[in-house]
Structure formats: structure tokens, C-alpha cells
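Observations on chain architecture
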Amino acid sequence: MPFQDCSARETRHRKPTLGARWPLLLTLAVLTGACSLLAESALSDKPSEGGGSDATSTGGGCAPDCPEGACCGGTCVALGKDREHCGSCGNACGDGESCCGGLCTNVLNDPSHCGACGVPCPHTLCVGGHCSSECVFGFDNCDGNVVMNGCEVDLTSDPERCGGCSLRCPAGAICDAGQCACAPPLLDCDNRQDTGCEIDGSSDPANCGGCGVTCGPNMQCQAGVCGCAPGYANCNGSRDDGCEATLGTEEDCRSCGDACASGMICDGQRGCACAGGRLDCDGAPGCESLGIDAATCGACDVRCAPERPNCDGAACVAACADGLATCGSSCVDTQVSPFHCGACGVAAGPHQRCDRGELVCDEGFADCDPGAPGCESDLTRNPEHCGACGTACKPGAVCVSGACACGGLTPHDCGSACRACCSDEDCSDGDGCTTDVCEGGAACRRTGCGAGEQCCSLVACRQCCTSADCSGGEICSGGACIPPCEGGLVACEGKCVSLGSIDHCGACGNACLSGRDCRDGKCTPAWAPMTKTGAPAPRQMAAATWIGSALFVWGGRTASGDVNDGALYDPARDTWSMLGNEGAPSQRVLAAAAWTGSRVLVWGGGPFGSLLGLSTGGVYDPAARTWRAMSTTNAPRARRMPVGVWTGTRLLIWGGSAGGAPVAGGGLYNPVADAWTPTSSAGAAPARDGVAWAWSGTELYVFGGRADGATTSEGYAYNPTTDVWRSLPTADAPSPRADAFAVWMGDRLLVWGGQDEMGNARKSGAIYDPAAGAWRGIDDKGAPSDRSRVERRTGWTGWTGARALIAGGRNGLAFRRDGKLYDPMTTAWGESMSAAGKEHSFGVGVWTGAELILWSGIEGPALVSDGERFRP
């Protein structure tokens, strides 16, 4: 995103602003903290002093098992909690301080040790030895449930609440120090929430290195910098017509200004050379002599004698041979001679040649001015004669390779002319805090936030970003300052709401949706049935994805065969609506589907009765209910069951199978350009089936799998922005396995379960931390039973934002319907998922961010029409 100066706000937010509340809090600290302080002093673990010994002594008097450095004055002390020897011998804590973990601190106001050592506040301030409802700097209470989980949101790094509870970064953006930003080199140039960071600034010629930075004609964007395409140069220094000069011509042979002298032509990398039939005999620039002249017959030092007065270009002759004309003392072929074309003395002019006795123009040139010699007009770049004599480009356009195109300074085609902008939309810079206006097509004008507003995380102009921006005791909610809520209500998006309501059950915005009630702050029951009214025909192996507010289902196999129809399911209303079918891809099973924020991309798959794959797909617009085909040029090789994820700007396709064997490699599809590019093969994960995979938002992680019957513990990560693969470390990684579960937990990868080489299901796993570059094992106490996940058949995962869901799967022939939730903060398995009503084998299983939706599939030998939704 573009840089915006927010220094004033940053200065204002560098520390918690308690303002006028501080005296009140200090008084409260004194009143409520006295007892805690007295108790701390009375219960001190200070050991009895040895007679007259040096307090810093580490000498005798201590047992052999006394920790190193803990023998103080002949007594072994607990350095982690002894006030007289806190952290080291003789380091005494001051009055009113306690020793917690080897550091002196005041438990009256330390949020890490509030009231007693080891009692942390959940990101709230510690006042008088008690956790308050005041959030520490950088955190906020966004769900309104400060009693249960304190200030649970990190406003400095959470892209869902970046800089404020209601400030969500665009899809694919990151939250950096409370400001939304696209991960370089991605850019958000349309300021639309659904498309996110839609531009690759490293290669987009319309937004090269920044929104609206347009590369001119004959230029390309490389690494975020506009540069001339091969064979072109910017010789006039103007940005408007880009790289207007074509290299390899007599005017600019190898570089700008490298002009060939008279009688010379440009011979590519060799530079200027004598044109055919010409010689350089005087050493001056140019080739002034003719090889058919009797004075320089074939070479500079050959002069014809009187007995052989004529020259045919190779030797002196007495008379010209048949078929050659005698022009002076030269024997020439008037069909091809540039000096005597068709008749003696008719010479070719600039950019002309002799063809069958007629003067014709060189390619790309024309004689548009009969009064000028030769073919004077360059049709490839003359805007008055672009492509043909008299074809003039519209105002603001330039002539590029014989076609009119808008210039670099006037990149938008407004119909009658090319201008800097045609509408306000052309001026969008992706900054939600600016108003962008096109002024008469000549320039874009940008204005910032209005009076009484401020820029919040480069997302929007709001009255407030956090409560620190409000005065008079008001709080910030939904970007507006409002009075504190009373009567047990909490602030949510600018309103005071009850956390016992179905729309805000237990937390702000936690909607229970259809089929549930809110009881004691929890949506119940956990499982809710899906209506069958209006649902598509039951099917297996369908493509499915969550599109923000609905479940998208398409294709698969019904009782009547392969189909190419589908539907959308809305869990808020418990309703189905059919998809438009015109232009849809052909019937298939096991295709991949991904949501861009405005379109659904469906690709790959194959027929049910074959192991062959397809390399075709389609783009579905839910708003218009229309399909369009995806380009097949440079598409990945045909495959079934590929991994398909939306990266923020591209559809990433990887892996899959074809002909019964795993397929390696993949591709990236740009729906804006309708173009494919291959993924790098350097250091890439090899072809294998049963791979566990997860998308982190920036990288695709793959782990394990099997090849030739053997399982592996190798892991890889692929970054589509940089097109680079890297290997994960093997130390402490899960044991070799295939068909494991994988969940991205916000900043770490969980790999669990699977099966070994002998087909035995596993009950173990590990967590990979990319920041540390290391794996660590996890306890299997309370974990799900032994199970493995079979891609597109059984086994589902999800991330609630705080816990990872492992559900379904199988152990041998036994299918699992239950599951468990893992909490990475407590490093423990907790809440159980009760068993689903059906197996849903080969059915739809999609995690929405809040619910697991299971629909149709096979139960035993038959298709089922049932659907159900689980909410932790």
C-alpha cells in the first residue's frame, strides 16, 4: 500500500493514554494493594541468614545438589523468588518489590505478575494487584468478554483487526505495527476488500512498483522497475512514448544515437557494416565506393584497364554478360541493383530497395510524402502515419509497432482521446484514507481524511481508531466514539449489544446462524441440520469452497452420472440457490475450487469412469450468475484432485494425480489477465500422493506422503510471490507418514495423524514454527484416536482463530465421525467434536472460519442427501 504519513497518530499511540483516569487508578492501587504487599512481605521465602557470612558468597555450607550460583552466604536459596537474592546472590529487591522468576517487580502493577508471581493479566493493566479492564497498549477487547479472555486481540499484527476492532485488512494483506500492508511486491490498487492485494507490483506494467505507475510503450516491468523491452530503447528521454526507438536500425543500431553512416546498414550485434555492393575505400565514415565501379571493381585497389573497361562487381570484363545492362562502366542487374533499378541511374532512396526492377519500401516504412526521397515515413512509430499512410493516432496516443496505443503519461483510453484518467476509478491508489478524483482527464487529485476524522490502518477514515482517540470517557466502537455501555451490554460495531443474543453469542459478532440458540454465551446445539429444500442432487467428489457468506458446490457425480451443475448454500438463512449453468466447464469429478473474493475458480478434475485428468476450468461470477472459460495456454498438465488455493492475486495449482500416479509441479493463474505461468521446479516437492498440505496466507506447506510404496517425513514450503521452494528441517519432524492432517494455526503448522508405511494409523504429530525454523512435538494426551486423512474422501480440518480442529478420517476400514480441538496457547487437546450423523465419504467438507459444513457423499453403498454443520 502507498506510504502515508501518520507520524502524529503514531506519536500519540506510543504509550497507553490513561489521561485523567490515572489518579483514580493510582488511588485504587494504594487501597487494594496494601494487603497484597503485606502478604508478599510476610510470606517471603527469604532463608535464615548464616552468621556473618558474605551475602554474595558461593562457598561452603550448601549441599552438593545446590544449583550453580544459588549458594549465597552458605545457604542454598531460590534465586527465582528470594527477595534478598533475586536472580543472583546479593541482588536485593527494593521496598514493595517481589522476586518473580529472578526479576524484581512490583506485583501491584506488573501485568505479568499481578498480585502474585506467575499470575498474568490477559493483556490488561494490573492495578493494585488485580487485573483491570484497561487494555495494555497494542491490544483491545474486541469480543466484549474481558472477564473470560481479557484483551484478546493484538491490534499490531492481527489482519482481521488491524489498529482497531473494526478495521479488517484486505484479503492477502498483513498487519504490520497496526497498519495494513500488502506483502511485497503485492499491491492493493483498487481499494476493494474482496480482491485484497490484487496486483503483483513486480511485474504489472500498469502498476510497476506502485499503484498507477504505468510503464510506457515497448516497456516491461521487472522487479518493480519499468525498463525497455529487448530490442527497444528510450532515445528521446520521454516517459510518455516509452521506449520509442527500435534498435537494429540505421538510426539506432546498437544503442541510441549509434547511427550508420552513408552507404552502411545495421548488421545486428556486429554494428554498422557496408551495404551490399558498397566499399569503404577512403577510411572516412561511411561506404562511399561502389563495387561495380571500374575504379573500385570488387575491391578498393582494383582499377579496370582500358582493354577490360567494364566491371561486373567481381572482375573487370571487356563487355557485359547477357542479362546485365551497361550503365556507364558498370555491368548491373537492373532487377535488383539499388543503384540502377529498372533502368540506369534510377537509385533507391532511404529505406528503399530494388525488387524485380521496381523500387519498394523496406518493411515498416512507406512513401507518404511524394516530395521526399525514398520511403521517409516509419509506420511503426509515426503517430501521423501509424501502420499506414494517413492513419493518425488519437490525441494522447503514440504509435507502437505500427499500432496506436495510449502513452505512459496518458495511459487510459477514454474513447476520443488517451488521458491520464477517464473516471475516478482510474485514480484509485489503494489507500482507503484518500478520496481520489479525476479532474477533466488531465490529472488525479487526492484528498485525505476530513475534519474530525483520522486515517485508521490505511483502511478507512474514522472518527476513532481506538478508545485512546476518544475523550470524555467515551469508547471507540466501529470507528465511532460512543458512551460506555451499561446494563451488562458491550460495545460492538458502534452499538451496545447483549452477548446472550443469537447475533453476538458470547462474543461480539459471533452469530449462531440458523438452527441454533444462544445459551450461556455458547451457540447450541453444536450440530445443526441443513435443509434439503432446493438442494442440488446428492453427489460425491464435487468441487466446493467457502465464498465468504455461502458454500459453493459444483460438479461431481450423481446417481445419473457426472454433472456440471451446482448450488450455493447460505447457513445464515438455511437456504439453497442454484448456480447459473451457461458456459460452465464440462462434467467432471474431483476438480479444485477457490474463491478470489469476487469469483470462484474451478480447474482440473476428470471423468468418474477414468483415471485421466483434465487441464481446463472456468471462472464463476456469483453476482452475475455467469461462467467464462479459463485459458489453457501454458496451463499445468492435466490432473485430478489437485491442491488449489487463492494466493491473493493468483490461483495456485499444485500436485494431484493422473493415470493413477501422482503428478508433480503446478501453475499460477491470473484471472485478470486470463494467463498461466508455471511454478518453479527448482527445489520443488517431488510427486507423491497422500501429502498433508496447508496454506499459510503466504506459503503452501506440504508434508510427508508416499512414493513407490514408501512414506517420507520430508516437508516443503512454496512462496508463489517469489516463486521459490524451500525445504523444511527434518530434526524433530513427525515420523514418516502419509495421509496426515495439516492445519495452519495463524503462525505455525500443525501436522497430526496419518498412517505409516504398513498402513497403521498414527496418533502423534508435531508443530512447525517458521519463525524459529524448527519442529516441536506435541502431547497426545486427550488427542483424537488413531486416524488418517484421505484427500477428498474423509478427514477435515479448521482453524477457529484460537484452536485447530481435527475431524473425521479413518483407521483401516473404520471411518471416524468425531474430532478434537487443539489449543496452541495451552499446548493441549481440549473440546471434543461429537460424532457427525453421516460419514459423508467423498462428500463436501468445508471449513468456513466458524463452522464445519458436511454435505452429501456416500454412506455405505448409497449417496445421501443429508447435510450438517458443526460449530465449536
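This one's a predicted model, so the numbers in the text were calculated from it and none came from an experiment.

1. Details of the overall build of the chain
Counting secondary structure elements, the chain contains three helices and 84 strands. Compactness check: the chain gives a C-alpha radius of gyration of 38 Å against a globular reference of 29 Å for 872 residues, more than 25% above the reference. Looking at the chain as a whole, 45% of its 872 residues are labelled buried. Accessible surface for the chain amounts to roughly 39,400 Å². Of this, 52% is attributable to carbon and sulfur atoms. The average position of the 62 basic charges and that of the 99 acidic charges among the side chains of the chain differ by 10 Å.

2. Topic: the layout of surface pockets
Quantified by volume, the second largest pocket comes out at close to 1,100 Å³. As for the second largest pocket, its lining consists of 41 residues, of which Cys189, Asp190, Glu198, Ile199 and Asn207 are closest to the centre. Among the elements that make up the lining of the second largest pocket, the one with the highest residue count is strand β36 (residues 443-447) (three residues). Looking at the lining of the second largest pocket, its residues break down into 16 nonpolar, 12 polar and 13 charged.

3. Description of unusual backbone geometry
Of the consecutive residues proline 184 and proline 185, the connecting peptide bond is found in the cis state with omega at 10°. Its location among the elements puts proline 185 in the loop between β10 (179-182) and β11 (186-187). Looking along the chain, the bond that leaves threonine 524 and enters proline 525 is cis, with omega of -5°. On the secondary structure map, proline 525 appears in the loop between β46 (522-524) and β47 (527-529). Unusually for a residue other than glycine, alanine 177 sits at a positive phi of about 55°. Along the chain, alanine 177 falls in the loop between β9 (173-176) and β10. Its identity as a non-glycine residue notwithstanding, asparagine 634 has a phi of 65°, on the positive side. Within the secondary structure, asparagine 634 sits in the loop between β57 (626-629) and β58 (643-646).

4. Remarks on empty space enclosed by the protein
In the structure shown here, the tally under the stated rule is one cavity of 30 Å³ or more. Empty space within the largest cavity amounts to approximately 40 Å³. Contributing to the lining of the largest cavity are Asn218, Tyr232, Glu244, Thr246, Thr380, Arg381, Cys399 and Ser401. In the lining of the largest cavity, the residues fall into two nonpolar, four polar and two charged.

5. Let's talk about the sheet that holds strand β78 (residues 819-823)
What the four strands build is an open sheet, ordered β74-β75-β78-β79; its pairing is antiparallel. The sheet is open, and its two edges are formed by β74 (796-799) and β79 (828-833), each paired on a single side. The average undirected angle you get between the axes of adjacent strands in this sheet is 20°. In this structure, strand β75 (residues 804-807) lies alongside β78, joined through four bridges in antiparallel fashion. In the strand pairing of β78, isoleucine 806 is matched with lysine 820.

6. Regarding the nonpolar core
Of all hydrophobic cores here, the largest spans 15 residues; its most connected members are Tyr701, Leu728, Leu749, Val751, Tyr768 and Trp775. Among the secondary structure elements, those contributing two or more residues to this core are β64 (692-695), β65 (700-703), β70 (741-744), β71 (749-752) and β72 (765-769). Setting aside chain neighbours within four positions, we find leucine 728 in contact with Tyr701, Gly715, Tyr716, Ala717, Tyr768 and Trp775.

7. Digging into the state of the cysteines
For the structure on display, the rule yields 41 disulfides. Between the sulfur of cysteine 253 and that of cysteine 266 lies a disulfide, 2.0 Å long from S to S. The S-S bond linking cysteine 253 to cysteine 266 shows a torsion near 80°; that makes this disulfide right-handed. Highlighted residues: cysteine 253 in the loop between β16 (245-246) and β17 (264-266) and cysteine 266 in strand β17, separated in sequence by 13 residues. Take cysteine 253 and cysteine 266: they sit in the same class, and that class is buried. Two residues, cysteine 414 and cysteine 422, share a disulfide whose sulfurs are 1.9 Å apart. Looking down the S-S bond of the cysteine 414 and cysteine 422 bridge, the torsion is -95°, so its handedness is left-handed.

8. Some words on the packing of aromatic side chains
Under the definition given, this model contains 17 aromatic pairs. A centroid spacing of 5.3 Å and a plane angle of 45° characterise the contact between tryptophan 527 and phenylalanine 870, whose relative ring orientation is tilted. You can see tryptophan 527 sitting in strand β47 and its partner phenylalanine 870 sitting in strand β84 (residues 867-870), a full 343 residues away along the chain. Taking 5.5 Å as the distance between ring centres and 55° as the angle between the ring planes, the aromatic pair formed by tryptophan 603 and tryptophan 676 counts as tilted. Taken together, the residues span a long stretch of sequence, with tryptophan 603 in strand β55 (residues 600-603) and tryptophan 676 in strand β63 (residues 675-678) at a distance of 73 residues. Per residue, the accessibility class of tryptophan 603 equals that of tryptophan 676, and both read buried.

9. A short note on the side chain of arginine 539
Mapped onto the elements, arginine 539 comes out in the loop between β47 and β48 (543-546). Residue classification places arginine 539 among the buried positions, given a relative accessible area of 2%.

10. A word on the environment of aspartate 369
Mapped onto the fold, aspartate 369 is located in the loop between β29 (365-366) and β30 (377-378). Considering only alpha carbons, one finds aspartate 369 and cysteine 422, 53 residues apart in sequence, at a separation of 36 Å.

11. Notes on the environment of glycine 697
On the secondary structure map, glycine 697 appears in the loop between β64 and β65. Sequence separation between glycine 697 and alanine 543 is 154 residues, and the spatial gap between their C-alpha atoms is 21 Å.

12. What to know about the confidence of the model for the chain
Per-residue confidence for the chain gives a mean pLDDT of 87; residues scoring 70 or more make up 92%. Low confidence marks residues 1-59, where pLDDT is under 50. Its contacts with residues over four positions away, or in another chain, come to 76 contacts.

13. With respect to the pattern of salt bridges
Considering all chains together, one arrives at 28 salt bridges under this definition. Between aspartate 267 and arginine 270 there is a salt bridge; the shortest N-O distance is 2.7 Å. Arginine 599 is the salt-bridge partner of aspartate 621, the closest N and O atoms lying 3.5 Å from each other. In this pair, aspartate 621 sits in strand β56 (residues 617-621) while arginine 599 sits in the loop between β54 (592-595) and β55, placing the two residues 22 residues apart along the sequence. Assessed through its relative accessible area of 13%, aspartate 621 is described here as buried. Look at the salt bridges and you will find they share partners, linking Arg516, Glu851, Arg869 and Arg871 into a network.

Calculation rules
Residues numbered from 1 in each chain as written. Predicted model: local features only at pLDDT ≥ 70, side-chain atom pairs only at ≥ 80, totals over all residues. Heavy atoms only, no water. Helix = DSSP H or I, 4+ residues; strand = E, 2+ residues; numbered from the N terminus. Rg over C-alpha atoms; globule rule 2.2 N^0.38 Å. Buried < 20%, exposed > 50% of the residue type's maximum accessible area, 1.4 Å probe, protein only. Areas by Shrake-Rupley, 256 points an atom, 1.4 Å probe, with all protein chains shown as cover. Lys, Arg positive; Asp, Glu negative; His and termini not counted. Charge placed at Lys NZ, Arg CZ, Asp CG, Glu CD. 1 Å grid on protein atoms, 1.4 Å probe; cavity = no way out; pocket = protein on both sides within 12 Å on 5 of 7 lines; lining within 4 Å. Points joined across faces, edges and corners; volume = space filled by probe spheres on them. Nonpolar A, V, L, I, M, F, W, Y, C, P; charged D, E, K, R; others polar. Pairing = 2+ DSSP bridges. Axes fitted to C-alpha atoms, helices over the stretch in contact; angles between N-to-C directions. Core = buried A, V, L, I, M, F, W, Y, C linked by side-chain atoms within 4.5 Å. Contact = heavy atoms within 4.5 Å. Disulfide = S-S within 2.5 Å. Phe/Tyr/Trp six-rings, centres within 6.5 Å; stacked < 30°, edge-to-face > 60°. pLDDT = per-residue confidence, 0-100. Salt bridge = Lys/Arg side-chain N within 4 Å of Asp/Glu carboxyl O.

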